[in-house]
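# Close look at the chain arrangement
Residue-level listing of the chains:
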Amino acid sequence: MPHMSRSSLQAPASVVMIRPHGFTPNAETRRDNHFQTTAPMNAATVAKAAHDEVTRVADALQAAGVQVHLFEDEGAETPDSVFPNNWFSTHSGGHVAVYPMYSANRRAERRPDVLEMLKQRYRVQDIIDYSGLEQDGLFLEGTGAMVIDHLERVAYAARSKRTSEILLERFCTHFSYEPVVFDAVDATGQPIYHTNVVMCIGTGFAMIGLDCIPDTARRHEVAERLRRGERDIIPLGHAQIAKFAGNAIELQGRDGLVLALSSRALRSLNGGQRTTLERHATLLPLDIPTIEHAGGSVRCMIAGLHLSARPLNS
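Structural notes, computed from the coordinates. (Residues numbered from 1 in each chain as written. Predicted model: local features only at pLDDT ≥ 70, side-chain atom pairs only at ≥ 80, totals over all residues. Heavy atoms only, no water.)

### Some remarks on the overall build of the chain
For the chain, the count of helices and strands is 11 helices and 15 strands. Taking 20 Å as the expected radius of gyration for a compact globule of 314 residues, we find that the chain reaches 18 Å, a close match to that expectation. Overall, the C-alpha framework of the chain stretches about 50 × 45 × 40 Å when taken along its three principal axes. Working note: accessible area of the chain is about 12600 Å², and carbon and sulfur atoms make up 50% of it. (Helix = DSSP H or I, 4+ residues; strand = E, 2+ residues; numbered from the N terminus. Rg over C-alpha atoms; globule rule 2.2 N^0.38 Å. Areas by Shrake-Rupley, 256 points an atom, 1.4 Å probe, with all protein chains shown as cover.)

Now the structure itself:
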């Protein structure tokens, strides 16, 4: 089997996305997701706009050479299904994890057909299913709750109702990651619901809202752990975090590394930050204003596949 390059370890070349037909910001998650806003349109218009935004994102990724496995959600019972990275993650060596979700109406997002596709198209050794721990009030919402450094084998996690430290420890033991846990708050002091709105780790860079970590000593420790990976550290301010600048994902495109992020996120970056990022990846801004009303952005929409593809004839 060919050796995976350093870049592809962190940046997947294939992804799963879900195209919703009945999208709406989730009323049940608004209590702890302060990034959610109300879309100024009627429900049918919102649903159509979100459907079209996902289509355009999938097309743009495929045009850049990223393989997109696009699944449809034609129901109305799963308003956040456009964010599949919360219910499953994949890891080199053929490992898949399935996660327990904090909001009851997000639990139906878990899809056997997605897992079946992974087993048919990729080399899957095992699927570890943590979802039964919902009964015990333990939650760990995938790569929303954790930002994973696949090169250094670190799982960064901001404490929240959606991130159980007990389950994080269990995950890190099973999957051989070092847990790095911290508190993170927004500009008003409210806890931030998911780690992946605070930070993004690429192959040669890391963007992180260091100002969101109120404990000075812990802030320095987190920054120091990131620096040990020999990356350029790009600090993001509260206003940039609020515009989803941290909610980006590095992918392996046809011609090299691509950083997928929202147009709004890119506009919030200053010239120096853009220049640093462009040394490492081609910036791919994606226009998703409707989906961002639900409190997530481009990173949340993309479940990266860190698995080896099966030969097409197998």
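### Here's the deal with empty space enclosed by the protein
All told, the structure shown has 2 cavities of 30 Å³ or more when counted by the stated rule. Forming the walls of the largest cavity are 23 residues, and the residues nearest its centre are Ile148, His150, Ile249, Arg299 and His306. Mapped onto the lining of the largest cavity, the elements with two or more residues apiece are strand 3 (88-91), strand 6 (146-149), strand 9 (199-201), strand 12 (249-253) and strand 15 (303-304). Per element, the largest residue contribution to the lining of the largest cavity is 4 residues, and it comes from strand 3. (1 Å grid on protein atoms, 1.4 Å probe; cavity = no way out; pocket = protein on both sides within 12 Å on 5 of 7 lines; lining within 4 Å. Points joined across faces, edges and corners; volume = space filled by probe spheres on them.)

### What about unusual backbone geometry?
One non-glycine residue with positive phi stands out, namely arginine 153, at about 60 degrees. With respect to the element layout, arginine 153 can be found in the loop between strand 6 and strand 7 (154-158). Phi at glutamate 230 takes a positive value of approximately 55 degrees, unusual for a residue other than glycine. Inspection of the secondary structure puts glutamate 230 in the loop between helix 6 (216-227) and strand 11 (232-235).

### Topic: the sheet that holds strand 4 (residues 95-98)
Ordered by their spatial adjacency, 3 strands build an open sheet running 3-4-5, and the pairing between neighbours is mixed. Whereas interior strands pair on both sides, the edge strands pair on one side only; in this sheet they are strand 3 and strand 5 (126-129). For this sheet, the mean inter-axis angle between neighbouring strands, taken without regard to orientation, is 20 degrees. This element, helix 5 (residues 165-175), spans strand 3, strand 4 and strand 5 of the sheet and lies at about 165 degrees to strand 4. (Pairing = 2+ DSSP bridges. Axes fitted to C-alpha atoms, helices over the stretch in contact; angles between N-to-C directions. Contact = heavy atoms within 4.5 Å.)

### Some details on the nonpolar core
Counting 68 residues, the largest nonpolar core has Met17, Leu61 and Met301 as the members making the most contacts within it. When residues in this core are grouped by element, the largest group, 6 residues, is from helix 2 (residues 43-63). Discounting residues that sit within four places of it in the chain, methionine 17 has contacts with Val54, Val57, Ala58, Leu61, Val68, His69, Leu70, Phe71, Pro84, Met301 and Ile302. Core analysis: the second largest hydrophobic core is formed by 18 residues, Ala97, Tyr99, Tyr130 and Leu167 among them. (Core = buried A, V, L, I, M, F, W, Y, C linked by side-chain atoms within 4.5 Å. Buried < 20%, exposed > 50% of the residue type's maximum accessible area, 1.4 Å probe, protein only.)

### Side note on the environment of threonine 24
Within the secondary structure layout, threonine 24 lies in the loop between strand 1 (14-20) and helix 2. Linking threonine 24 and leucine 286, residues 262 residues apart in sequence, is a C-alpha distance of 19 Å.

### Re helix 2
The end-to-end C-alpha separation of helix 2 is 30 Å, in line with the 30 Å expected for 21 residues at 1.5 Å each. Taken together, the buried positions of helix 2 are Val46, Ala47, Ala50, Glu53, Val54, Val57, Ala58 and Leu61. End-on, the buried residues of helix 2 take up no more than an arc of 130 degrees, which puts them together on one face. Relative to its buried face, helix 2 has exposed residues pointing more than 90 degrees away, namely Ala44, Lys48 and Ala63. Directly after helix 2, the chain includes glycine 65, whose backbone phi takes a positive value near 95 degrees. (Expected span 1.5 Å × (residues − 1). Arc of directions from axis to C-beta.)

### A closer look at the sheet that holds strand 6
Strand order in the open sheet formed by 3 strands is 6-7-8, with mixed pairing between adjacent strands. Strand pairing shows two members of the sheet lacking a second neighbour, strand 6 and strand 8 (178-182), which therefore form its edges. Across the sheet, the mean angle from the axis of one strand to that of its neighbour is 20 degrees, orientation sign disregarded. Most of the contacts of helix 5 go to strand 8, to which it runs at about 160 degrees, and overall it touches strand 6, strand 7 and strand 8. Contacts from helix 6 reach strand 7 and strand 8 within the one sheet, and its direction differs from that of strand 8 by about 145 degrees.

### What to know about the pattern of salt bridges
For the structure on display, the rule yields 17 salt bridges. Note that arginine 225 is salt-bridged to glutamate 152, the shortest N-O span being 3.3 Å. Residue arginine 225 is found in helix 6, and its partner glutamate 152 is found in the loop between strand 6 and strand 7; the two are separated by 73 residues along the sequence. Linking aspartate 232 and arginine 279 is a salt bridge whose minimum nitrogen-to-oxygen distance equals 3.5 Å. With aspartate 232 in strand 11 and arginine 279 in the loop between helix 9 (271-278) and strand 14 (282-286), this residue pair connects regions lying 47 residues apart in the sequence. Classification of arginine 279 as exposed rests on a relative accessible area of 56%. Linked through salt bridges whose partners overlap, the residues forming this network are Asp80, Arg106 and Glu109. (Salt bridge = Lys/Arg side-chain N within 4 Å of Asp/Glu carboxyl O.)

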